[in-house]
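# A closer look at the structure
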Amino acid sequence: MPLALLALAVGAFGIGTTEFVMMGLLPDVADDLDISIPSAGHLVSAYALGVVVGAPLLAAATARMSRRTVLIALMALFVAGNALSAVAPGEVSLLAARFVSGLPHGAFFGVGAVVATGMVAPERKARSVSLMFLGLTVANIVGVPAATAMGQQLGWRATFLGVSAIGVAAIAALVALIPRENAPVPTTGLRGELAALRSVPVWLALGTTVAGFGALFAAYSYVTPMLTDAAGFADASVTLLLALFGVGATAGNLLGGRLADHSLRGALFGGLASLVVVLAFFPLLMRTPVTAALAVALLGMAAFITGSPLQLMVMEKASAAPSLASSANQAAFNLANAGGAWIGGLALAAGFGVTSPATAGAGLAVLGLAVAVAARAVDRRREDTGAVSGRERVVAGHVPEGAEAVRR
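Note that the structure is predicted; figures quoted are calculated from it, not measured. (Residues numbered from 1 in each chain as written. Predicted model: local features only at pLDDT ≥ 70, side-chain atom pairs only at ≥ 80, totals over all residues. Heavy atoms only, no water.)

### Looking at the overall build of the protein chain
The secondary structure content of the protein chain amounts to 17 helices and zero strands. Counting the 408 residues in the protein chain, one finds 55% classified as buried. Long-range pairs, those at least 24 residues apart, make up 83% of the contacts in the protein chain between residues at least 6 apart in sequence. (Helix = DSSP H or I, 4+ residues; strand = E, 2+ residues; numbered from the N terminus. Buried < 20%, exposed > 50% of the residue type's maximum accessible area, 1.4 Å probe, protein only. Contact = heavy atoms within 4.5 Å.)

### Re the packing of helix 1 (residues 4–33) against helix 4 (residues 91–118)
At a closest axis distance of 10 Å, the pairing of helix 1 and helix 4 adopts a crossing angle of 160°. Relative to helix 4, helix 1 is oriented roughly antiparallel. The interaxial crossing formed by helix 1 with helix 4 has left-handed handedness. Counted together, Leu5, Leu8, Gly11, Ala12, Ile15, Thr18, Glu19, Met22, Val29 and Leu33 of helix 1 and Glu91, Leu94, Arg98, His105, Phe108, Phe109, Gly112 and Ala116 of helix 4 form the full contact between these two elements. (Axes fitted to C-alpha atoms, helices over the stretch in contact; angles between N-to-C directions. Parallel < 35°, antiparallel > 145°, perpendicular 65-115°, else oblique. Left-handed = near helix turned anticlockwise from the far one by under 90°.)

### Regarding helix 11 (residues 264–285)
With 22 residues, helix 11 should cover 32 Å at 1.5 Å per step; its first-to-last C-alpha distance of 30 Å lies within 8% of that length. Taking the largest bend as the criterion, helix 11 deviates by roughly 25°, centred on Leu279, and proline Pro283 comes between one and four positions later. At the N-terminal end of helix 11, a side-chain oxygen is found 3.0 Å from the backbone nitrogen of Gly266, two or three residues along, and the residue is Ser263. (Expected span 1.5 Å × (residues − 1). Bend = angle between axes of the 7 residues up to and from the residue. Polar contact = N/O pair within 3.5 Å; in protein donor to acceptor, adjacent residues only side chain to side chain.)

### With respect to a nonpolar patch on the surface
Taken together, the side chains of Leu49, Val53 and Leu57 present a nonpolar region at the surface, about 260 Å² in accessible area. Summarising the element assignment, Leu49 is placed in helix 2 (residues 37–61). (Patch = residues over 30% accessible without salt bridge, like charges linked within 9 Å, V, L, I, M, F, W, Y side chains within 5 Å. Areas by Shrake-Rupley, 256 points an atom, 1.4 Å probe, with all protein chains shown as cover. Salt bridge = Lys/Arg side-chain N within 4 Å of Asp/Glu carboxyl O.)

### Looking at the nonpolar core
Counting residues in each nonpolar core, the largest one holds 55 residues, and the members touching the most others are Leu216, Leu227, Leu275, Leu279, Phe282, Met286 and Leu299. Looking at this core, the elements with two or more residues in it are helix 8 (200–220), helix 9 (223–230), helix 10 (238–262), helix 11, helix 12 (289–304), helix 13 (307–317), helix 14 (322–349) and helix 15 (356–385). Looking at this core, the element that brings in the most residues is helix 8, giving 10 residues. Each residue touching Met286, except ones within four places of it in the same chain, is listed here: Met226, Leu227, Ala230, Ala231, Ala292, Ala295, Val296 and Thr355. (Core = buried A, V, L, I, M, F, W, Y, C linked by side-chain atoms within 4.5 Å.)

### Observations concerning the packing of aromatic side chains
Tallied over the entire structure, the rule returns eight aromatic pairs. Each ring, one from Phe108 and one from Phe109, has its centre 6.2 Å from the other, and the planes form 85°; the classification is edge-to-face. A relative accessible area of 1% places Phe108 in the buried class. Ring geometry for Phe245 and Phe304: centres 6.4 Å apart, planes at 75°, overall edge-to-face. Of this pair, Phe245 sits in helix 10 while Phe304 is found in helix 12, placing the two residues 59 residues apart along the sequence. Side by side, Phe245 and Phe304 carry an identical accessibility label, which is buried. Chaining the aromatic ring pairs together yields one cluster made of Phe213, Phe217, Tyr220, Phe245, Phe304 and Phe333. (Phe/Tyr/Trp six-rings, centres within 6.5 Å; stacked < 30°, edge-to-face > 60°.)

### Topic: the pattern of salt bridges
Applying the stated rule across the entire model yields four salt bridges. Asp379 is the salt-bridge partner of Arg265, the closest N and O atoms lying 2.1 Å from each other. Here the residue Arg265 occupies a position in helix 11, and Asp379 occupies one in helix 15, the gap between them amounting to 114 residues. In this structure, Arg265 and Asp379 share a single accessibility class: buried.

### Regarding the packing of helix 8 against helix 13
Look at helix 8 against helix 13: their axes get within 8 Å of each other, and the N-to-C directions meet at 165°. Viewed along their axes, helix 8 and helix 13 adopt a mutual orientation that is roughly antiparallel. For the crossing formed where helix 8 meets helix 13, the hand is left-handed. Across from Pro201, Val202, Ala205, Leu206, Thr208, Thr209 and Phe213 in helix 8, the residues of helix 13 making contact are Gly307, Leu310, Met313, Val314 and Lys317. The class makeup of the residues in the contact of helix 8 with helix 13 is eight nonpolar, three polar and one charged. (Nonpolar A, V, L, I, M, F, W, Y, C, P; charged D, E, K, R; others polar.)

### Some words on the environment of Ser308
Mapped onto the elements of the fold, Ser308 is located in helix 13. Residue classification places Ser308 among the buried residues on the basis of a relative accessible area of 0%. Distance from Ser308 to Ala126, taken between C-alpha atoms, is 5.9 Å for residues 182 residues apart in sequence. Ser308 has contacts with Ala126, Val129, Ser130, Phe133, Asn253, Gly256 and Gly257, leaving out every residue within four places of it along the chain. At a separation of 3.4 Å, a polar atom in the side chain of Ser308 contacts the main-chain amide nitrogen of Gly257.

### Quick look at the environment of Pro201
Topologically, Pro201 is positioned in helix 8. For the pair Pro201 and Arg376, spaced 175 residues apart in the sequence, the C-alpha separation amounts to 8.9 Å.

### Let's talk about unusual backbone geometry
Backbone phi values are negative for most residues with the exception of glycine, while trans is the configuration of most peptide bonds. The backbone phi angle of Asp34 is positive, close to 60°, even though this residue is not glycine. Tracing the backbone shows Asp34 in the loop between helix 1 and helix 2. Judged by its relative accessible area of 72%, Asp34 is exposed.

Rendered as C-alpha cells:
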C-alpha cells in the first residue's frame, strides 16, 4: 500500500476527533458559556449540518480542480474552523465555527477515497479505502479520549487548538506524500458530477448507507444509559467501554476492506446481516457487564464492516464522476447519525425500556439489508437489459475488476 494513504489517514484522524469530542466536552462548554446542556448539544448538530451541506457543495465546486489541491484546501478549511472554535467568544460564534469545521468533512473523505483507489491495483481498492477510514476509527480509541482529557484539564478551547495542530500535520503529510500525478485534474466537470446523482443504483447505495448506519446510531447514541442502567457499569467506566467500540470499529473496518476486495456484495450483505444479529441480541447482552462489553465491541465491528464496501459501491455506481457521489455518501452517513438518534429516542420516549433503541436499530438494519437486496435486483435487471456499464457489472456480478478487463 502506498505511503500516501498515511496522509489521508492523518486527516481522517483529525476529522474523527473533532466530530466526536464535542460529546465529551458538552458540560465544560455549557459551564464556560453559561448555557444549558441542551443548548450546547446544538453544537453537535451544527457540525453535522456542516457535513451534510458541505459534502455535495464543495465536491461540486471543486469538480475541475486537482484532487491533491482539493484535499489540501479542505484540510486548511478544517484547521480554520477548529481554530475559530477555540477563540469563539460566545454560543452563536461557536455554532458558526462548528458549522465551518463540518463543511470539509464529507468532501475530504469523498475525494480522498477517489485518490486512495487511484493509487492501488484494482484488487486492493476496498483495502485502500479502509486504510483511509482507519484514521477515523482510531480516533475513537485514541484521539477522542485524549482530546476529552485535554479539554477537562486545560479547558475546552485547548482541545480545538490541539485538533487544529493535527490538521496542520495532515496538510504537511498531504503535501509531502501525495504525488501530483496520483491526483490529476478531473475531466468530467460539474455537469458530469451532477449527472452521477441521476442514477437509481447510486441512490439505492446511498439509501443503504442511511438505513445501515442509522441502525448503528439508533443504538450507539444511547449506549451510555444502556451500560449504566442495564449492565450496571459506573459512569467512570463508560469512557473505557466506548474505546472498545473504537477497537471493534477498527477491526471491522480492516476486515470489511479485505472482504470487499474479494466480494463487494458479499461483504455488504454479511456486514448488514451481522449488524441485524448484534442489535437483535443487544438487550440480552446488556444484562451482565462482561457480555455488555462484548456487545459494544461487536457493534462497532459489525457496523464498520460495511463502511468501505458502501463507499466503494457508490464510487463504482458513479464511475464516470465519483467525487460528488462519494462525498454524498458521507452526507448520507451524517443523515444516518441524526436520523438514527431520533428513531432511537422515539423508542425511549415511548417507554419501551432503556435497551429499546437497539431493537429499533435492528429494524433499521433489516431495512438497510432490504435496500441492498433491492439494489442487487436492480443490477440484475439492468444487466439483463444491457444497461449496466463495465465497471458497474464488476459490482453487480462479484467479479474482480482485473478479471473483467481480461474477459473483455
